[in-house]
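Observations on the model geometry
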Amino acid sequence: SAALRFNISTECKITKARSAVMKLPHYDVKTPVFMPVGTQGTMKGLLPEQLENLDCEIILGNTYHLGNRPGTDVLEKAGGLHKFMGWNRALLTDSGGFQMVSLLQLAEITEEGVKFKSPYDGSETMLTPERSIEIQNSIGADIIMQLDDVVQTTNQNYERNKEASERTSRWLDRCLKAHKRPTEQSIFPIVQGLLNNTLREQSAKEHMTKDVNGFAIGGLSGGEAKDDFWPMVSLSTGILDKNKPRYLMGVGVAIDLVVCVALGVDMFDCVFPTRTARFGCALVNKGQLSLKQKKYETDLNPIDKDCTCSTCLNYTRAYLHSIVTVETVSCHLLSVHNIAYQMRLMRTMRENIENGTFPAFVQQFVNEVYPNGQYPTWVVNSLSSVGINLCHL
Amino acid sequence: MRFNIKQVNCGSERIGSLTGFIKSSKTIIETPTAALLTQGGSVVHLTAEVLAKVFPDTQLLWLPLSNSVQLENGVKAQGEGVAKFAGLPKHVICATLYNINEIVPPGHFELGKLPLWTKNGKKMITADKYMDLMETFKPDIILAASDGRISLNEKPKRIVKSVERTIALLDSCINKYKASEELQQSSLVGVIVAANIPHKCEECIRHILKYKETLVGVALAGLTDGSKESYEISLDKLKEIFSRVGGSLPNDLLRIVEGSWNPAVIVTAIEYGWDVFDGSYPIKLTNKGHALSLNFDVYRYSGDPCIMDLNDIRYNEDFKPILEGCECLTCKKHTRAYIRHLLNTREMLASVLLSIHNLHHFNEFFVQARLHISASTFNIYKKHIITQYENINPKLDNEENKTAPALVQDKKKIKVRIDDNVKTEVNGTIIE
Ligand SMILES: [Zn+2]
Ligand SMILES: [Zn+2]
């Protein structure tokens, strides 16, 4: 389709990882890709040109927030979110459903849609699949999400899970039908079923019958045990079309990214790198540096001597320590580094997939994260399921 | 550092240059000019990367100790001065005790000590300690410690006291300065107070002039304590002060004015030979969500207001740049509607975009001022600027210096941060 072409360049010979170019109306995105989240049409105080310098090729906007402020009227008059925020590369929007259920206690889900009280004027409103797509059509992102019936991942109620999973498929049909701009925007269905094998398999198989350009894997990364998480990712990528992009929602911690790329995921999003920046934490392979700590007061090293971001080139840990969580500039500086970190990790993975060295990279990365050789069982098991048997060096 | 005067006109407005900076020997900073206000060593809201996009050349930065004293141990460990430590090695620093616009509780003096209100509360500081910090920070220009943050209309008793204190503080600063070769790499500036009581002010100036050979210039403080009321001084009154104080100074001294004065006041000061301003005005506008939009065409004034309140709903669907024809990064790419949206959603980018425009435009205001002085048309320019301020809604210009919505929210976030952080730590390993 004109709205999305997915050209796989290299497949890893051992794992399910692959590198590809996803051609979208606004940009050719190299995958595997991490998509930083810019909720309100902006990314934590960074200019669009800074995001471009950081190699961001696609970023996220939140439909629920943008639909409220500035609202679809303004966005349409502006010519879409791209023009409104001055971002020429690709955009993806969520459906608004997740935000509604997680932010609003008053949300009630019926077959028609998500009913909620507006936090702005208290009026009762209904977000239907049709309305979600209508708003996303106004925003104009390259990739848009179907409205799904969201259940807390750790919910144990089988009946509710089944209902949500099946309703998500029914809502998908309504979303596809309501979609007004199919040549410019691709709707991704969301595979649901939480942690239940059968429901998730049914959901994925059902979505496979639809004429869509890519798939999202939802209902995960919601506080479930990692041992429960990865088999669901693996099950989903096992069913979904190999020739279409797969997007795992809400995942962004480095080790999770590495494992899930090995399991065949192409796209990720998470607020984690920019949120943690606000708290004064900088991402490094071994985890995070909490720069508030006194021991950084006179540490004249950059956050990461191998990082070439503008923060690491210009600033020491000691300086960041002295302004962290006090000056807005510190938040900008850490956001730059943390986004650079995510982008570099994804770039390294792509290069290793293309060079045929991805399994070796994974082994080396895991060693760096767990230098004592105490690998978590989920990391060992998930990687062994795709042919990487970790050994402590 | 050296100050040279290139041209003085029949008014006493003048063009000068600051040169001979130790770390950037080729830099020439032309006056009249404004510094860029810093907080924690960074230009407010701008990282080094963004600052370089706005101003590729070396800039004069205004560094109040009250918001940067926490950098001391780091600067000391690095040993190369505060500019380098704050990631801005090629820029030139003018250091002072306070940001005169920070509103703090009054009083709290102890014998020989000044209160320094920092993010971590009050610190009492002696002139010696101040100069020790300067030795560590290595700024290009040091304003001597003073009791300068009092309003013009303060009780005479308090003003007299401030002269006494300021004189004693200057003596101590001079002694420290003369005893340290390291400190003599920086240039020292004496501070004038008591502008409203002519004979006390003269006493202060006479004392400063005793050290004329040691000092590169003077700074005029004691006009405001940062409060809204203290800025309510008539232009005529300020004119009288700039004229009287300026007239009693030798020409070759650099003249600095502290305070968040608007362009109408600044052109009035420039007319009487004042050279450098502290650069807090554009930040004050930014923090209120306001954009400066002066008209520089002296032959064509449309009557448009020279300050825009971008919080206003009227800009909701206004897809024009802040100021048509403005060459700043913000105006070349972003619209009023977008900035209004960012203000409305309390996003940090609002402050960044407004800062970029306001700093660029404020700088342009000085560029134009210098051009008019060169062309001997400054009087026309001055009237043109003052007219624009006479026509604006005074509320816009003289509102209380409230913090930007984005900042207010950020402060809330810092509180939340503590609890939220626990969650983050679960996600990723915090290295001990
Ligand atoms: Zn970095
Ligand atoms: Zn502009």
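Because the structure is a prediction, the values reported are computed rather than measured.

**So, the packing of aromatic side chains**
- By the definition in use, this model includes 17 aromatic pairs over all chains.
- With centroids separated by 5.5 Å and ring planes inclined at 90°, the aromatic side chains of A:Tyr319 and B:Phe85 adopt a geometry described as edge-to-face. Here B:Phe85 lies in helix α3 (residues 82-85) and A:Tyr319 lies in helix α12 (residues 317-323), a pairing that spans two chains. For the pair shown, A:Tyr319 and B:Phe85 are each scored as buried.
- Note on B:Phe362 and B:Phe366: the rings are 5.2 Å apart at their centroids and 85° apart in plane angle, and the pair reads as edge-to-face. Here B:Phe362 and its partner B:Phe366 are both found in helix α12 (residues 348-374), four residues apart, which amounts to about one turn of the helix. Side by side, B:Phe362 and B:Phe366 carry an identical accessibility label, which is buried.
- Through a chain of ring-to-ring contacts, three or more aromatic side chains come together here, namely B:Phe277, B:Tyr281, B:Phe362, B:Phe365, B:Phe366, B:Phe378 and B:Tyr381.
- Here the basic side chain of A:Lys226 rests over the ring of A:Trp378, its NZ or CZ set 5.5 Å away from the ring centre.

**A look at the environment of B:Leu353**
- Summarising the element assignment, B:Leu353 is placed in helix α12.
- Sequence spacing of B:Leu353 and B:Cys204 is 149 residues, and the spatial spacing of their C-alpha atoms is 42 Å.
- Not counting residues up to four positions away in its chain, the partners in contact with B:Leu353 are A:Leu47, B:Thr330, B:His334, B:Tyr338, B:Ile339 and B:Leu342.

**Quick notes on the coordination of the zinc ion (ligand 2)**
- Coordination sphere of the zinc ion (ligand 2), protein contribution only: B:Cys326 (SG), B:Cys328 (SG), B:Cys331 (SG) and B:His357 (ND1), at 2.1 to 2.3 Å.
- Given four donor atoms and angles of 102 to 115° at the metal, the environment of the zinc ion (ligand 2) is assigned as tetrahedral.

**Notes on the state of the cysteines**
- One pass over the structure, following the stated rule, counts zero disulfides over all chains.
- The closest cysteine sulfur to the non-disulfide-bonded A:Cys12 is located on A:Cys260, 15 Å from its own sulfur.

**Describing empty space enclosed by the protein**
Residues and elements named next belong to chain B.
- Following the criterion strictly, the structure yields ten cavities of 30 Å³ or more and no others.
- The space that makes up the largest cavity amounts to roughly 80 Å³.
- Forming the walls of the largest cavity are Thr33, Ala34, Ala35, Leu36, Phe55, Gln59, Gly279, Pro282, Leu359, Phe362, Asn363 and Phe366.
- At four residues, α12 tops the list of elements feeding residues into the lining of the largest cavity.
- Residues of the lining of the largest cavity, tallied by class, amount to eight nonpolar, four polar and no charged.
- Inspection of the lining of the largest cavity shows a minimum of three residues originating in each of domain 1 (2-279) and domain 2 (290-407).

Cut-off values and rules
- Once a new chain begins, its residue numbering starts again from 1 and follows that chain's sequence as written.
- Going through the entries in the order they are written, you letter the chains from A and number the ligands from 1.
- Residue-level local features of this predicted model are given only where pLDDT is at least 70; pairs of side-chain atoms are given and counted only at 80 or more, and the full residue set underlies all totals for whole chains, interfaces and linings.
- Values reported for side chains reflect all heavy atoms of the structure, with hydrogen atoms and water molecules removed beforehand.
- Pairs were defined over the aromatic rings of Phe, Tyr and Trp, the Trp ring being its six-membered one, requiring ring centres within 6.5 Å. Orientation was assigned from the angle between planes: stacked under 30 degrees, edge-to-face over 60, tilted for the rest.
- Every helix listed is a DSSP run of H or I at least four residues long, and every strand listed is a run of E at least two residues long, numbered separately from the N terminus.
- Buried residues are those whose accessible area, probed at 1.4 Å on protein chains only, stays under 20% of the maximum for their type, while exposed residues exceed 50% and partly exposed ones sit between those limits.
- Sitting over a ring, as applied to charges here, requires NZ of Lys or CZ of Arg to be within 6 Å of the ring centre and within 35 degrees of the ring normal.
- Residues count as neighbours in contact if any of their non-hydrogen atoms are within 4.5 Å of one another.
- Donor selection uses N, O and S atoms within 2.8 Å of the metal (3.2 Å for Na, K and Ca). Since no water is included, sites may look incomplete.
- A site with four donors is called tetrahedral when every donor-metal-donor angle falls between 85 and 135 degrees; four donors are called square planar, and six octahedral, when opposite donors sit more than 155 degrees apart and all other angles fall between 65 and 115; any other arrangement is irregular.
- Cysteine sulfurs are considered disulfide-paired once they come within 2.5 Å of each other.
- Think of a 1 Å grid over just the protein atoms. A cavity is a set of points where a 1.4 Å probe fits yet cannot get out, a pocket is an open set with protein on both sides within 12 Å along at least five of seven lines, and lining residues have an atom within 4 Å of a point.
- Grid points are joined across faces, edges and corners, and a volume is the space filled by probe spheres set on the points.
- Gly is placed with the polar residues, together with every amino acid not listed as nonpolar (Ala, Val, Leu, Ile, Met, Phe, Trp, Tyr, Cys and Pro) or charged (Asp, Glu, Lys and Arg).
- Domain start and stop points were drawn from an automatic or database domain assignment.

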